[in-house]
Amino acid sequence: MTTSTRGAAKTPAVLVLEDGRTFRGRAYGAVGETFGEAVFSTGMTGYQETLTDPSYDRQIVVATAPQIGNTGWNDEDDESGRIWVSGYVVRDPARVPSNWRSRRSLDDELERQGVVGISGIDTRALTRHLRERGSMRAGIFSGEAIAPEAELLERVQAQPHMKGASLYEEVATKEAYVVPAIGEKRFTVAAIDLGIKGMTPHRMAERGIEVHVLPATATADEVYAVNPDGVFFSNGPGDPATADGPVALMSTVLERKTPLFGICFGNQILGRALGFGTYKLKYGHRGINQPVQDRTTGKVEVTAHNHGFAVDAPLDKVSETKFGRAEVSHVCLNDDVVEGLQLLDQPAFSVQYHPEAAAGPHDAAYLFDRFVSLMEGQRA
């Protein structure tokens, strides 16, 4: 990515997709060029949480909501220490942000962090294109980076695909740190950071859990050195087929029958550890309005998603694995994608979506209580 920050609002920009479709608009944020996988997010709110979610590493995010930036940018809602998206695509950026917590505009923050974006394009047409043809490589070019379309297309097509990309170590913490329990400490959890969002350990801390966040490369000895009551595997970017290290670590946790909870990338890691395959979705699930059914209760929840890969597990039967019986516990009602797994013979489960959901909805927050119940049961 190359960027500059002069006169972005009036600077022409172009979005080029790998199949040759182009959209012309105005620069938004930094001026320059950037590359990534073009994906769309259907959330009406929560753009700050989306942009700072490490799971969006190397992706150009298209906001389907027509107006973005109304509430500006504050200093409290970041999910990590920086913006991770490769680029941002919006239709109608707010001219003046208005919110009592706002400290600056979204445009200013994108510019400050060197994130190249584009505004003023028909995001509805772009979203329909990605739904029909699937997520694909793309580039945003503005200012002096604009060149003949054939040249820009060639550069886009030279970029790596998301399938086969190993990204989780890029975004994970390099040093372990501790998030203390809020109130009385009840449990200790070792959380493997594969791209963890800040709200996730906070949700556990609210329940009296002291969370030791460990690097993605943590060993079993390092995990058990904190004497955990449970082990958590976080969300993260990239292709789960590349995550052999986390799969091996999770297998060790399962062998020891330590209570285990995984979300998003962690769900895919559990799937692999149980012997299931994973595959890339055509355009993925991204946004905060995805309907999922908890098959253990029959309840339908509105949930927050950000995943382009899924677990290939049978929906219609209990599977025998080397760690005991396993079943699909949650399913997406839009397309029957596996959204959760659970073991029936030991305390381990996962979901594909994001129950911490800082921007909402909070229908799935009970899953952290379910994790607590597993640890209580194991202690008893």
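Residues numbered from 1 in each chain as written. Predicted model: local features only at pLDDT ≥ 70, side-chain atom pairs only at ≥ 80, totals over all residues. Heavy atoms only, no water.

1. So, the packing of aromatic side chains
Under the convention used in this document: Only Phe, Tyr and Trp rings take part, Trp by its six-membered ring, and two of them pair if their centres are within 6.5 Å. Stacked means planes under 30 degrees apart, edge-to-face means over 60, and tilted covers everything else. Only runs of H or I of at least four residues qualify as helices and only runs of E of at least two qualify as strands under DSSP, and these elements are numbered from the N terminus. For every residue, the accessible area obtained with a 1.4 Å probe (protein chains only) is divided by the maximum for its type, and the residue is called buried under 20%, exposed over 50%, and partly exposed between those limits. Placement of a positive charge over a ring is assigned whenever Lys NZ or Arg CZ falls within 6 Å of the ring centre and within 35 degrees of the normal to the ring plane.
This model, assessed by the stated rule, comprises seven aromatic pairs. With centroids separated by 5.8 Å and ring planes inclined at 40°, the aromatic side chains of Y168 and F265 adopt a geometry described as tilted. Taken together, the positions of Y168 in helix α5 (residues 168-171) and F265 in helix α9 (residues 265-273) put the pair 97 residues apart, joining distant regions of the chain. Ring centres 5.5 Å apart and planes at 70° place the aromatic pair F232 and F261 in the edge-to-face group. Highlighted residues: F232 in strand β14 (residues 230-233) and F261 in strand β15 (residues 260-263), separated in sequence by 29 residues. Taken individually, F232 and F261 each receive the classification buried, so the pair is uniform in this respect. Seen from the ring of W84, R82 lies directly overhead, with NZ or CZ sitting 3.8 Å from the centre. Its end group placed over the ring of F309, K280 keeps NZ or CZ at 5.8 Å from the ring centre.

2. Some remarks on the UniProt feature "binding site: L-glutamine" (unreviewed entry) in the protein
How we decide: UniProt positions are given in the numbering used here, feature names are shortened, and annotations may be inferred rather than shown by experiment. For each structure, a 1 Å grid was placed over the protein atoms alone; sets of points admitting a 1.4 Å probe that cannot get out are labelled cavities, open sets with protein on both sides within 12 Å along at least five of seven lines are labelled pockets, and lining residues have an atom within 4 Å of a point. Throughout, a contact is declared for two residues whenever any of their heavy atoms are within 4.5 Å.
Sequence positions flagged by UniProt for "binding site: L-glutamine" (unreviewed entry) are, in local numbering, S55, G236, G238, F265, Q268, N306, G308 and F309. Across 255 residues in sequence, these annotated residues keep their C-alpha atoms within 13.4 Å of one another, forming a single compact spot. Checking the named residues against the largest cavity, the ones that line it are N306. Tracing the chain through its elements places Q268 in helix α9. Assessed through its relative accessible area of 3%, Q268 is described here as buried. With near-sequence residues (within four places) excluded, Q268 lies in contact with P240, T278, H307, F309, A310, V311 and Q352. Accessibility expressed as a relative area gives 12% for G308, which makes it buried. Sequence-distant contacts of G308, defined by excluding residues within four places in its chain, comprise Y279, K280, L281, G284 and R286.

3. Let's talk about the pattern of salt bridges
Close approach of charged atoms lets side chains of opposite charge pair. Inclusion rule: For this analysis, a salt bridge means a side-chain nitrogen from Lys or Arg found within 4 Å of a carboxyl oxygen belonging to Asp or Glu.
Counting across every chain of the model gives 22 salt bridges. Ionic pairing is found between R101 and E76, a salt bridge with its closest N-O pair at 3.4 Å. One end of the pair, R101, is in the loop between β8 (92-93) and α2 (106-112); the other, E76, is in the loop between β6 (67-68) and β7 (87-89), and 25 residues separate them in sequence. Accessibility expressed as a relative area gives 23% for R101, which makes it partly exposed. Classification of E76 as partly exposed rests on a relative accessible area of 45%.

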